[in-house]
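Chain by chain, the residues:
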Number of protein chains: 2
Amino acid sequence: MSKPTPISGFPEWTPSQRMIEQFVLDRIRDTFELHGFAPLETRAVEPLDQLLRKGETSKEVYLIRRLQADVDGPAGDDALGLHFDLTVPFARYVLENAGRLQFPFRRYQIQKVWRGERPQEGRYREFLQADIDIVDRDTLGAHHEAEMPLVIGDALGSLPIPPVRIQVNNRKICEGFYRGIGLTDPEAALRAVDKLDKIGPGRVADLLAETAGASEAQAKACLALAEISAPDASFGDAVRALGVSDPLLDEGIEELVRVVETAADHSPGLCVADLRIARGLDYYTGTVYETQMIGYERFGSVCSGGRYDNLASSGTARFPGVGISIGVTRLLGLLFGAGALSVSRDVPTCVLVAVVNEEQRGASNRVADALRSRGIPTEVSPSAAKFGKQIRYAERRGIPYVWFPGVEGAADEVKDIRSGGQVAAAAGEWTPPREDLKPLVG
Amino acid sequence: MSKPTPISGFPEWTPSQRMIEQFVLDRIRDTFELHGFAPLETRAVEPLDQLLRKGETSKEVYLIRRLQADVDGPAGDDALGLHFDLTVPFARYVLENAGRLQFPFRRYQIQKVWRGERPQEGRYREFLQADIDIVDRDTLGAHHEAEMPLVIGDALGSLPIPPVRIQVNNRKICEGFYRGIGLTDPEAALRAVDKLDKIGPGRVADLLAETAGASEAQAKACLALAEISAPDASFGDAVRALGVSDPLLDEGIEELVRVVETAADHSPGLCVADLRIARGLDYYTGTVYETQMIGYERFGSVCSGGRYDNLASSGTARFPGVGISIGVTRLLGLLFGAGALSVSRDVPTCVLVAVVNEEQRGASNRVADALRSRGIPTEVSPSAAKFGKQIRYAERRGIPYVWFPGVEGAADEVKDIRSGGQVAAAAGEWTPPREDLKPLVG
C-alpha cells in the first residue's frame, strides 16, 4: 500500500504527547472526583432527531450507516449520528434513566465528540471534551451555578498550563435587558452580540438592526451592555446605570453577583463578569461561562458551558441542569503548537534490562519481574546485541537506567546512563529516585 | 419529548459500573506501562479502503458522512469509516509515522471500536478494547510472541476477576500441517477449523471438504491436529505422532514451544497450547492467542491476538508485529451480567458537608476546600434542609461521612453515618480510614 496521510481535522498526538494528555486527564478526573462527581460514559451515537433538537447544530452532525445497509438516499427517522457534544447525550441519559438516578445527579464525562465542520486552526472534527454537569428534578439551586467555576478553577489550576480567567454572564441579564429596551426577539439579539469578538461592534449593530429589528438607540444600548466587565459585583451598578428596568434583568444580576462573589471568596482573580459572553447554543437559560488562557486569548474559549432549564424534559418531568466543558484537545493543541508542554522521556520505562545472550533472556525476564512487582516500569532489551547497542536503545527513548544481570555468580549492576555511574544492585531491593520512576510532565 | 430508549448493541454502564470500568482500565494501563508500553490514541475513522484491506470484515464497517454532504448514493473512494479494531489503525499509524518512531515500537491503546454486526449476547456494536502491540522494522524477534501472554497474565491477574487461561497456537503449525497433508488452500482450511466450537467436528469436516477440497482422510487429520492441547512442550510430540512433515510446521512447533515454556516459567498454569485456535482474521502469520475466563468458557474469548507479518508494509518497508487485545466491554458485560463485580458506593464522595443555612454555605464550602486539598473527595450538601434530610442524601449514595460545621464558635463534628458515631474534628486535620477514602471495587 502507499504511505498513508493525515486526515484534516482528525488530530493524532505522538506517544509523548499522549503521555502528556493522559497526565492532564488524570488530574482533571481526580479533581472532578474530589468534588464528588461520578463518572459516566454514554454511547457515541444518538438518534438524529435528538441531535437536531436544539440550537444551530444541524450542519455539524456526522451520520453513520452500516456499509452493507441499503443505500436509500436521505437518512430515515431512525438514523444515527455521532454526538457533537456531551450535554445533549447526558440530557437524553437523564431522561432515559431518571427512575434509577439519585437527584441532584452530579456526573463527569470525558469523551471524544465529532463535528462535521470545516477544519481551521484550533477547530477539530474529532476532539476530546471533559464535562461536569449537575441536574436536579424540577428545580436546581442557583448555588450550583456558582459551584462550576470553583471546580474548573481547581481542575485547570492543577495542570502545568498558563493561568485561566473564567468569564461569566447570565442569559437573564441579556434577555431581561433586551426586553426592557423593547426588543421582541431576544434570541436573535443574543446571536448577534455573540459575534462581537469576530466581526466588531459596527457590524453587530447592523446585525441587530437586520435580525432583531433594533433601532439605532436599541443597538447602542445592547453594545453598551456588552462592554460591561468587572471582577466583582460592581458590574451590577454599571448595568443599572444604563437605566433599563426589568424583573428578569434583576434576577440575572442577583445570580451573577453570587457567582462572582463566590469565586472571589474561593479563588480570587479566577472569575470576571463579562456581559459580552453569549454562547451560541440556544439551550442556555441562566449563567453562561467561557474561559480564556492568559496569553492565548486570541484562540478563544478553552472551557465553556452554562445553565439549561429545558434541555431534559419529558411530559411533566423537568430536569434543569448546569454544566461546563473543558475542550481538552483544543487546550492541548494550542499548548503543543506553542511548545509549552513537555515530558521527560518518550516511554514509561524506567529500567531497560540488558540481555547477555538469547539463552539467558529468562534471567533478564526474572529481573524485570522483580522490578515491576515493586512498581518500577521495566523493559527487557529486544536483542542480545553488544551492550553499547542496548544502551543506545535506552538512550534514544530517554530510559534513564540499564540493568546488567550478573553472569557466573557476579552481582547484577545498574547504570544511570545520564551520569554513566554504575553500581551493584539487587532486583528485589534497588529503587530509583522518585523523580525518575515515571515520566515527568511540565 | 418522549422518553428515550436504549439502542441495541450500544451498551451504557451505570455510574457505579463506570467506576468499576475505570478501576479496571487503570489497572490494565498501569500493567501495560510497567511493561514499557507507551500510550497511543488514533482517530476513530479510517479511509474505507484501509478498513477493507484485510480479512472478512467488510460487513462490519460503519461509514460516516456529514449530514449536509451531498447524498450521492454509494460511498466514494474517499469515504471514511469507524475503525472496527485497533490493529488496522495502528498498522496505518506505523506506516504514516515510521520516520519519527523508534523501533521496536511498543505501544498500548485503549479505545472504543465499532462494528455494524447484528447484536447478540456478548456482542456489541460499540465496545472498548485495550491493546498492546510491538512492531519492528524488517524483522521482529520471536521472543516477543512469548512476551505477550506474560503482560496479559499480569494485567488480568491484577483485576478482581476469575482466573484466565490463554490458549495459544501458531499459524505456521496449521499451514505447515495442511500443506504437509496436501491441502492447497490452507486459509480456507483455517477458516473451517475456526468454526469448530460453533458447529462441531462433523460439520467442520463437511466444510473442509466443500471449501478446502479436503478428502475424508485429510479432514480427519485436520480435526486430529485441532484436538491437540497441552500445557507444555508435549503438544509437539503429539503433533509429530500424526506423521506429517513440513519445514513450516517444524518452525511453528519450535516457536510455540518457546511461548508455552516462557509462560510456564513466569506464570505456571497461565498458558496452554491448543491447536484448535485459529482466529478468524486473515492477517495473522505466527502465534495466535485466545483467552477464556475460568467459569465463563462458553462465552468465548475475552482477549485475543497474534503475530502479523504483512499488515504494515509499504513498498520495500515492512513492519512485522505482534499484538493482543483485551475485550474490556465484553469482559465487564459478562461479569456485570453475573453480578460478579461490585463497588462500595455509588459516588466518589467520602464526605458530605452539611449546610446549616444558605447564608452559611460559604463556611461549608471552606470546609470542603480544606478536605479536598488533602485528597478527600467532598461534596457540599445541595440544600440547607433539616440535617436528617441531608444525612439521607448521603445515605442514598453510600457516602460514609457527614460533616457538620460548628456554629457560634462550637467545634465542627463529623458523623460516620454507618455506625452513627460522631466526633469533634478539624477540616485541616481529620482523615478518614484508608478503606473509606475511595470507593472499593471487588
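It should be emphasised that the depicted structure is a prediction, and the values quoted were computed from it without experimental measurement. Every chain's residues receive numbers from 1 upward, in the order its sequence appears when written. For this description, chains carry letters from A and ligands carry numbers from 1, given in the order in which they are written. With pLDDT at 70 or above as the cut-off, local features in this predicted model cover only qualifying residues; side-chain atom pairs require 80 or more to be listed or tallied, and sums for whole chains, interfaces and linings still use all residues. Side-chain figures throughout are based on the complete set of non-hydrogen atoms in the structure, without hydrogens or water.

Draft legend 1. Layout of the overall build of chain A. A helix here means a DSSP run of H or I that spans at least four residues, while a strand means a run of E at least two residues long, and both kinds are numbered starting from the N terminus. Helix and strand content of chain A: 14 helices and 19 strands. Taken over the C-alpha atoms alone, chain A extends approximately 95 × 60 × 45 Å along its principal axes. The burial tally for chain A puts 59% of its 442 residues in the buried class. Residue contacts follow a heavy-atom distance rule, with two residues in contact if any of their heavy atoms lie within 4.5 Å. Pairs at least 24 apart in sequence give 70% of the contacts found in chain A among residues at least 6 apart. Areas reported here follow the Shrake-Rupley algorithm with a probe of radius 1.4 Å; residue values treat only the protein chains shown as occluding. Summed over its atoms, the accessible surface of chain A is roughly 17300 Å², and 48% of this surface lies on carbon and sulfur atoms. For this count, His and the chain ends are skipped, Lys and Arg are scored as positive, and Asp and Glu as negative. A single reference atom marks each charge: NZ on Lys, CZ on Arg, CG on Asp, CD on Glu. Averaging the positions of the 51 positive and the 62 negative side-chain charges in chain A gives two centres separated by 5 Å. Remark: exposure states derive from per-residue accessible area (1.4 Å probe, protein chains only) relative to the maximum for the residue type, with buried under 20%, exposed over 50%, and partly exposed in between.

Draft legend 2. Local environment of the UniProt feature "binding site: L-histidine" (unreviewed entry) in chain A. All names here are of chain A. Sites flagged by UniProt as "binding site: L-histidine" (unreviewed entry) map to Asp85, Leu86, Thr87, Arg115, Gln129, Asp133, Arg279, Tyr283 and Tyr284. Among the secondary structure elements, Leu86 is positioned in the loop between strand 4 (80–82) and helix 3 (87–97). On the basis of relative accessible area, Leu86 is assigned to the buried category, the value being 0%. With respect to the helices and strands, the residue Arg115 is situated in the loop between strand 5 (105–114) and strand 6 (126–135). On the accessibility criterion, Arg115 (16% relative accessible area) is buried. If we ignore the near neighbours within four places in the chain, the residues touching Arg115 are Glu60, Tyr62, Phe84, Asp85, Tyr124, Arg125, Phe127 and Gln129. Pairing of N or O atoms within 3.5 Å defines a polar contact, subject to two protein rules: one partner must be a possible hydrogen donor and the other a possible acceptor, and residues neighboring in sequence count only if both atoms are side-chain atoms. From its side chain, Arg115 meets the backbone oxygen of Phe84 in a polar contact 2.9 Å long. UniProt positions are given in the numbering used here, feature names are shortened, and annotations may be inferred rather than shown by experiment.

Draft legend 3. Inspection of the relation of the copies chain B and chain A at higher detail. C-alpha atoms of residues with pLDDT of at least 70 in both copies form the basis for the least-squares superposition of the copies. With an RMSD of 0.1 Å, chain B superimposes on chain A once it is rotated by 180° and translated 0.0 Å along the axis. What we have between these two chains is a two-fold relation. When C-alpha positions in chain B are compared against the rotation axis, the closest is assigned to B:Ile64, at 2.2 Å. Interface overlap between copies: 100% of the residues of chain B at the interface are likewise at the interface in chain A, consistent with a symmetric, same-surface contact.

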